[in-house]
Amino acid sequence: MRNSHLAVILGLWLALAACSKSTQDKTGQDLKAVGADTAAAAKDVANSSATKELGADIKQGTKEAADKTAEATKDAAAKLKDSAGEAGDKLKSGAHEAADKTKDAVDSAKH
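Here the structure is a predicted model, which means the values were calculated and not measured.

### A closer look at the overall build of the protein chain
Secondary structure summary: the protein chain contains three helices and zero strands in total. Each helix and strand of the protein chain, ordered N terminal to C terminal, gives the series α-α-α. Taken over 111 residues, the protein chain has a buried fraction of 2%.

Have a look at this one:
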């Protein structure tokens, strides 16, 4: 976008070079006025109530998203903890069963 602005300005300056001095001066003044008007308009937009309301809406939406993310993270952590506990219990039970079967096999082999 910046390059297109520069190209327009360069084109205007080149066109001005072919014009008379009074036309160049008038065009230069007009360009400065347009720049000032554009800056003032941008400032008005930035300070408008709609822009401020938009900022407040974005802030509120961000807070709501953060709250929901925190809640989902807590839920996921609780579910993970429960699942890990269940997996640990199953692993422990399986290890005991394997130990019992191994003991029985060793006992059978001795007899």
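### Overview of the pattern of salt bridges
Taken as a whole, this structure holds one salt bridge when the rule is applied. Two residues, D67 and K63, come together in a salt bridge whose shortest N-O distance is 2.9 Å. Of this pair, D67 and K63 are both found in helix α3 (residues 49-110), four residues apart, which corresponds to roughly one turn of the helix. Look at D67 and you get partly exposed, because its relative accessible area is 40%. Its relative accessible area of 48% is what places K63 among the partly exposed residues.

### Here we look at the confidence of the model for the protein chain
Averaged over every residue, the pLDDT of the protein chain is 83; residues scoring 70 or more account for 88%. Mean pLDDT values for the elements of the protein chain range from 69 in helix α1 (residues 2-17) up to 89 in α3.

Thresholds applied
Residues numbered from 1 in each chain as written. Predicted model: local features only at pLDDT ≥ 70, side-chain atom pairs only at ≥ 80, totals over all residues. Heavy atoms only, no water. Helix = DSSP H or I, 4+ residues; strand = E, 2+ residues; numbered from the N terminus. Buried < 20%, exposed > 50% of the residue type's maximum accessible area, 1.4 Å probe, protein only. Salt bridge = Lys/Arg side-chain N within 4 Å of Asp/Glu carboxyl O. pLDDT = per-residue confidence, 0-100.

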